Amino acid sequence: MTPLVDPLLSGPIGLQEILVVVFKVVVAFAFLMVAVMFMVWFERKLIGDMQNRIGPNRAGPWGILQTLADGVKLFFKEDLLPDNADRFVFKLAPYLALIPAFLIFTVVPVGGNYSTGDGTVSLFGEETLLQVADPPVGVLFVLAMSSVAVYGVMLAGWSSGSKYPLLGSVRATAQMISYEAALSLSVLSVILLSGTLSTSGIVAEQSQWNWNLWLTGFIPFAIFLISGTAELNRPPFDLVEAEQELVGGFHTEYSAVRFALFFLAEFMNTVTMSAIIVTLFLGGPNGPMFGPEWLQSWVLPSLWFFLKLFVFLFVFVWFRATLPRFRYDQLMDMGWKLLIPAALGWFLILAGIQVASDNDDINLALVVIVGVAIFFAGMGLLMLAMRSSRRQRQLSGVTD
Amino acid sequence: MSVESVVFVIAGSICIVGALGTVLFRNPVHNALSLVATLFGVAVIFIAQDAHLLAAIQVIVYAGAIVVLFLFVIMLLGVDRTEKLGIDPLGGQRPLAVVAAVALLGLSLTVLLAVGSTVTGQEAATGDPGEGAENIAKLGEVLFTEYVLAFEVTAVLLTIAVVGAVMFSRQRKADLIDEEEFPGLEALLAETEDETEDDTEAESEGVEAT
């Protein structure tokens, strides 16, 4: 009977291991749900503040139960199924949007002392990492799931059998595919410096304040943040559901629980994307360590992680409150003509620096200076070329 | 029954059901979705064989990019149009396909029933693939040392293909349009151009479309 409960084929597995896995899954799921509820409230409240309004203030203290009230309302609303809809795909799409959002979170280390320990904590007498799964291809898993998330949006728009959702989903797909390239290329820089694909390995590499944020020289971080926002379809890149043009975008025809699932997926994606940024660039749960052992292994790392996570949640809301929406051609111009070349060029320079630092005969400082100079010269030339091509287009009658 | 067999049976049936769906469904979007199911099944089998990198790449490249592009094209062209299956664009390919299918099936069955589960009985020539991260490191090392020429040639080939596609799609009025910005707009423009220039052609196109 033992082999049947052996998910890793690594010999007999007892009750402890199963308990650990079940515990981690339940905690991660519960945390994500609470975080999404908090995020919805936080966004509405903060945007209210930024726009000089009050925001939700009726349900519970400071309106904190507003999300719960909205959720309950959505559950009891009528569930509509359009006549023209492709019934099976229409019902499937919300789940395709939601499940990848949750799965990405499973590879994020949310705690564990990596600075003075090896990141493991003791749970039910088992030494384990504070993440649901630690596959050797953790970062690739994140990229895979974010590319699978496109299906939810795409199929929702198509299966609705109506024109605005279809237009919205075509836009969304083009946007998400384009920005995924920039996203992956900026992650490459992190992988190059860390020398590992596993998320726990990347966090362990950043344990002595050598965070990838400054190790990779800020540019991959900026590219990741911008293309991450575009990947989430959040403002200023929310052309997918541009109300003035597309009614509600890909989820125009959705109502009640299925709409709630899309809503949930969107905010869950925001939380997981913030968690991924923290993991890749800001050292995950790493931070100053002090105090007794239990404080160091259980409390402080998770505290640092959630503080950093909170900063990015705030940043995403801040983006929404301050930046006007991009035009579609501007969005594609930025993705293909600025972010992708910049990410590729910076990756080449980092590779050069890596080679120089491995080799004692090469002057490292010279390589860094020359590399950065070439990078900026190249980007300048690219900008110049783009400007002249734009002028040519304007001259030939097409205004830009 | 070991866990490996359980995983194999489940993933294998997903693969087969998906493959059948890819061939048998009437709606092209359903075909594409069945193909995704097959690709995921194969990815699971890869993971069961400890080939994590292959599984990840399978999902990123095939499920995440290629089938998404398939769906994109299907959506832009419109799925309401049905192809006329009566006309065979390449003469005699159907009987040939049947012959090839029967021959391959016969060959596979002969090997499975007569020879056994292995064909040559040889061990893998490349040695121990290693587990987890070790496997990825080994793959990378081989790819960038022993097979670096093949790797570079493939890269050049893909670049040429991209440049060629861009060259083909940039013609006349289309010169002013960025294909990445407005995919499919060129085809639309070409259609309207035809309508204004050549009425008879536009009419015949309209008949075909309906």
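Rules and cut-offs
- Residues numbered from 1 in each chain as written.
- Chains lettered and ligands numbered in written order.
- Predicted model: local features only at pLDDT ≥ 70, side-chain atom pairs only at ≥ 80, totals over all residues.
- Heavy atoms only, no water.
- Helix = DSSP H or I, 4+ residues; strand = E, 2+ residues; numbered from the N terminus.
- Rg over C-alpha atoms; globule rule 2.2 N^0.38 Å.
- Buried < 20%, exposed > 50% of the residue type's maximum accessible area, 1.4 Å probe, protein only.
- Contact = heavy atoms within 4.5 Å.
- Areas by Shrake-Rupley, 256 points an atom, 1.4 Å probe, with all protein chains shown as cover.
- Arc of directions from axis to C-beta.
- Buried area = accessible area lost by both parts, 1.4 Å probe.
- Salt bridge = Lys/Arg side-chain N within 4 Å of Asp/Glu carboxyl O.
- Polar contact = N/O pair within 3.5 Å; in protein donor to acceptor, adjacent residues only side chain to side chain.
- Nonpolar A, V, L, I, M, F, W, Y, C, P; charged D, E, K, R; others polar.
- Phe/Tyr/Trp six-rings, centres within 6.5 Å; stacked < 30°, edge-to-face > 60°.
- Core = buried A, V, L, I, M, F, W, Y, C linked by side-chain atoms within 4.5 Å.
- Domains from an automatic or database assignment.

(A) Summary view of the overall build of chain A. In terms of helices and strands, chain A carries 13 helices and two strands. At 23 Å, chain A has a C-alpha radius of gyration in line with the 21 Å of a compact globule built from 400 residues. By residue count, 51% of the 400 residues in chain A fall in the buried class. Taking the intrachain contacts of chain A between residues at least 6 apart in sequence as the baseline, contacts between residues at least 24 apart amount to 77%. Carbon and sulfur atoms provide 69% of the accessible area of chain A, an area that totals close to 18400 Å².

(B) Examining the overall build of chain B more closely. For chain B, the count of helices and strands is eight helices and zero strands. Sequence-ordered secondary structure for chain B, helices as α and strands as β, is α-α-α-α-α-α-α-α. Considering chain B as a whole, with its 210 residues, one finds that 21% of them fall into the buried category. Contacts spanning at least 24 positions in sequence make up 43% of the contacts within chain B whose residues lie at least 6 apart. Of the roughly 14800 Å² that chain B leaves accessible, carbon and sulfur atoms contribute 70%.

(C) Representation of helix H2 (residues 66-76) of chain A in the model. All names here are of chain A. Where H2 is concerned, the buried positions are Gln66, Thr67 and Leu74. Around the axis of H2, the buried residues are gathered within 95° of arc, so they sit on the same side. Exposed side chains of H2 directed beyond 90 degrees from the buried face belong to Phe75 and Phe76. Elements in contact with the buried residues of H2: helix H1 (15-50) and helix H10 (256-281).

(D) Structural context of the interface of chain B and chain A. Facing 31 residues of chain B, the contacting portion of chain A comprises 34 residues. Between chain B and chain A the total buried area reaches about 2800 Å² when both faces are included, carbon and sulfur atoms providing 80% of it. Applying the counting criterion to the chain B and chain A interface returns zero salt bridges. For the interface between chain B and chain A, the tally reads two residue pairs in polar contact (both at pLDDT 80 or more). Counting only elements with at least two residues in the side of chain B that touches chain A, the list comes to helix H1 (3-24), helix H2 (28-48), helix H3 (52-77) and helix H5 (133-144) of chain B. When residues in the side of chain B that touches chain A are grouped by element, the largest group, 14 residues, is from H3 of chain B. Residue composition of the side of chain B that touches chain A, grouped by class: 22 nonpolar, five polar and four charged.

(E) Just the side chain of Asp238 of chain A, in detail. Residue and element names in this part refer to chain A. Note on placement: Asp238 falls in the loop between helix H8 (219-231) and helix H9 (243-246). At 2.9 Å, the side chain of Asp238 and the side chain of Arg325 are in polar contact. Residue contacts for Asp238: discarding those within four places in its chain leaves Asn233 and Arg325.

(F) Quick peek at the packing of aromatic side chains. All names here are of chain A. One pass over the structure, following the stated rule, counts 24 aromatic pairs over all chains. With a centroid separation of 5.0 Å and an interplanar angle of 40°, the aromatic rings of Phe237 and Phe326 are classed as tilted. Of the two residues, Phe237 is situated in the loop between H8 and H9 and Phe326 in the loop between helix H11 (293-322) and helix H12 (328-358); the sequence distance between them amounts to 89 residues. Residue class for Phe237 comes out buried when judged on its relative accessible area of 4%. With a centroid separation of 5.2 Å and 80° between ring planes, the pair formed by Phe375 and Phe376 is classed as edge-to-face. Of the aromatic side chains, those joined through ring pairs into one cluster are Phe31, Phe105, Phe305 and Phe306.

(G) Focus on the nonpolar core. All names here are of chain A. Of all hydrophobic cores here, the largest spans 117 residues; its most connected members are Phe224, Ile277 and Leu280. No other element matches helix H4 (residues 138-159), which puts 14 residues into this core. Counting residues domain by domain, this core receives three or more from each of domain 1 (7-326) and domain 2 (342-400). Apart from the residues within four sequence positions on either side, Phe224 is in contact with Leu183, Ser186, Val187, Met273, Ile276, Ile277, Leu280 and Phe281.

(H) Structural detail: unusual backbone geometry. All names here are of chain A. Across the junction of Pro235 and Pro236, the peptide omega takes the value 5°, indicating a cis bond. You can see Pro236 is positioned in the loop between H8 and H9. The phi dihedral of Trp209 is positive, around 65°, even though this residue is not glycine. With respect to the helices, strands and loops of the structure, Trp209 is situated in the loop between helix H6 (199-205) and helix H7 (212-215).

(I) Fine view of the domain arrangement of chain A. Residues and elements named next belong to chain A. Domain boundaries in chain A define domain 1 (7-326) and domain 2 (342-400). For domain 1 and domain 2, the distance between their C-alpha centroids amounts to 32 Å. Between domain 1 and domain 2, the contact holds 13 residues from the first and ten residues from the second. Summed over both sides, the interface of domain 1 with domain 2 buries roughly 890 Å², with 82% coming from carbon and sulfur.

(J) Up close: the environment of Val22 of chain A. Residues and elements named next belong to chain A. The residue Val22 is located in helix H1 in this model. According to the relative accessible area criterion, Val22 is partly exposed, its value standing at 45%. As for Val22 and Val132, which are separated by 110 residues in sequence, their C-alpha atoms are 9.1 Å apart.

(K) Inspection of the side chain of Ser34 of chain B at higher detail. Residue and element names in this part refer to chain B. Considering the arrangement of structural elements, one finds Ser34 in helix H2. Exposure remark for Ser34: the relative accessible area of 8% places this residue in the buried category. Other than its neighbours up to four places away in sequence, Ser34 contacts Gly18, Gly21, Thr22 and Phe25.

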